[in-house]
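Chains, contacts and geometry: an overview
Next come the chains, spelled out residue by residue.
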Amino acid sequence: MTTADLITADLVDLGLDATDKNGATRALAQRLVTAGRVTDLDLFLKDVAAREEQMATGLEGGIGIPHCRSAAVTTPTLAFGRSAAGVDFGAPDGPAKLIFLIAAPEGGGSEHLKVLAALARRLVRAEFKQHLLAATDAAALAEYIRQEVS
């Protein structure tokens, strides 16, 4: 996986207004479809939901990381949404304000797990989370995330 195109400005939503995890996931997934990285929205959402049923993807500290492998994914991709109200992804300490959607091709090996691990390591750092919360420019934020997870 090349991190150069893992996340781009069009895959960043700094004003995600979904009220639940299905809406948040759908909004971010629609960005993946528009960008040509997901070919079938319904199949992809079904695969994300199936993964979510196995285990909640909410992490402490206001973070949600829905993710899956899917035949509908054309290239490994990361989308990011920031929710002022927060979205419940099942974390013990409450809703997620920072949501990362990781999409991996079905036969893509473990690349998405590497991205997941890199994100998890960064998200324990207050500085990283603060940068995500304060960002006002989608392109600059996409570049920052690419640098951090590469």
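Here's what I pulled together on the structure shown here. (Residues numbered from 1 in each chain as written. Predicted model: local features only at pLDDT ≥ 70, side-chain atom pairs only at ≥ 80, totals over all residues. Heavy atoms only, no water.)

Notes on the overall build of the protein
Regarding its fold elements, the protein presents five helices and six strands. Taken over C-alpha atoms, the radius of gyration comes to 14 Å for the protein, in line with the 15 Å a tight globule of 150 residues would show. Its C-alpha atoms give the protein principal-axis dimensions of about 35 × 30 × 25 Å. By the burial criterion, 50% of the 150 residues in the protein qualify as buried. Across the protein, every contact between residues at least 6 apart in sequence was considered, and the portion connecting residues at least 24 apart equals 68%. (Helix = DSSP H or I, 4+ residues; strand = E, 2+ residues; numbered from the N terminus. Rg over C-alpha atoms; globule rule 2.2 N^0.38 Å. Buried < 20%, exposed > 50% of the residue type's maximum accessible area, 1.4 Å probe, protein only. Contact = heavy atoms within 4.5 Å.)

Concerning helix α2 (residues 41-54)
Quick reminder: α-helices carry 3.6 residues per turn. Residues three or four places apart thus point the same way. Over its 14 residues, α2 runs 20 Å from end to end, which matches the ideal 20 Å to within 8%, given 1.5 Å per residue. Taken together, the buried positions of α2 are L41, F44, L45, D47, V48, R51 and E52. Taken down its axis, α2 places every buried residue within 160° of arc, on the same side. Among the exposed residues of α2, those oriented more than 90 degrees off its buried face are D42, K46, E53 and Q54. On the buried face of α2, the contacting elements are α1 (21-34), β4 (67-70) and β6 (96-105). Backbone nitrogen of D42 and a side-chain oxygen of the N-cap are separated by 3.1 Å at the start of α2; the cap is D40. (Expected span 1.5 Å × (residues − 1). Arc of directions from axis to C-beta. Polar contact = N/O pair within 3.5 Å; in protein donor to acceptor, adjacent residues only side chain to side chain.)

Section: the side chain of R82
With respect to the helices and strands, the residue R82 is situated in strand β5 (residues 77-87). Buried charged residue R82 carries no salt bridge. Nearest counter-charge: D13, at 8.1 Å. Among the polar contacts made by the side chain of R82, one reaches the main-chain carbonyl oxygen of L133 at a distance of 3.0 Å. Residue contacts for R82: discarding those within four places in its chain leaves D13, L14, G15, L16, K97, L98, L132, L133, A134 and A135. (Lys, Arg positive; Asp, Glu negative; His and termini not counted. Salt bridge = Lys/Arg side-chain N within 4 Å of Asp/Glu carboxyl O.)

Some details on the environment of A96
Among the structural elements, A96 can be located in strand β6. Take A96: its relative accessible area is 1%, and that puts it in the buried class. Through-space distance from the C-alpha of A96 to that of G58 is 6.9 Å; in sequence the pair is 38 residues apart.

Observations concerning the pairing of β6
With nine of 10 residues buried, β6 lies mostly within the body of the structure. As paired elements, strand β3 (residues 63-64) and β6 share two bridges and run parallel to each other. Its bridge partner being in β6, G64 is matched across the sheet by I99. Here β4 runs beside β6; their pairing, made up of four bridges, is parallel. Following the sheet pairing, R69 is matched in β6 by A104. Strand direction decides the pairing type here: β5 and β6, joined by seven bridges, are antiparallel. Each residue of the ladder has a partner; that of L78, found in β6, is I102. (Pairing = 2+ DSSP bridges.)

Notes on the nonpolar core
With 46 residues, the main nonpolar core has F44, L78, F80, F100, L119, L132 and L141 as its most contacted residues. Going through the elements one at a time, α1, α2, β5, β6, α3 (111-123), α4 (126-134) and α5 (138-149) are the ones with two or more residues in this core. Per-element tally for this core: the top contributor is β6, with seven residues. For F100, the residues in contact, after removing those within four places along its chain, are G64, I65, P66, L78, A79, F80, L119, L123, F128, L132 and I145. (Core = buried A, V, L, I, M, F, W, Y, C linked by side-chain atoms within 4.5 Å.)

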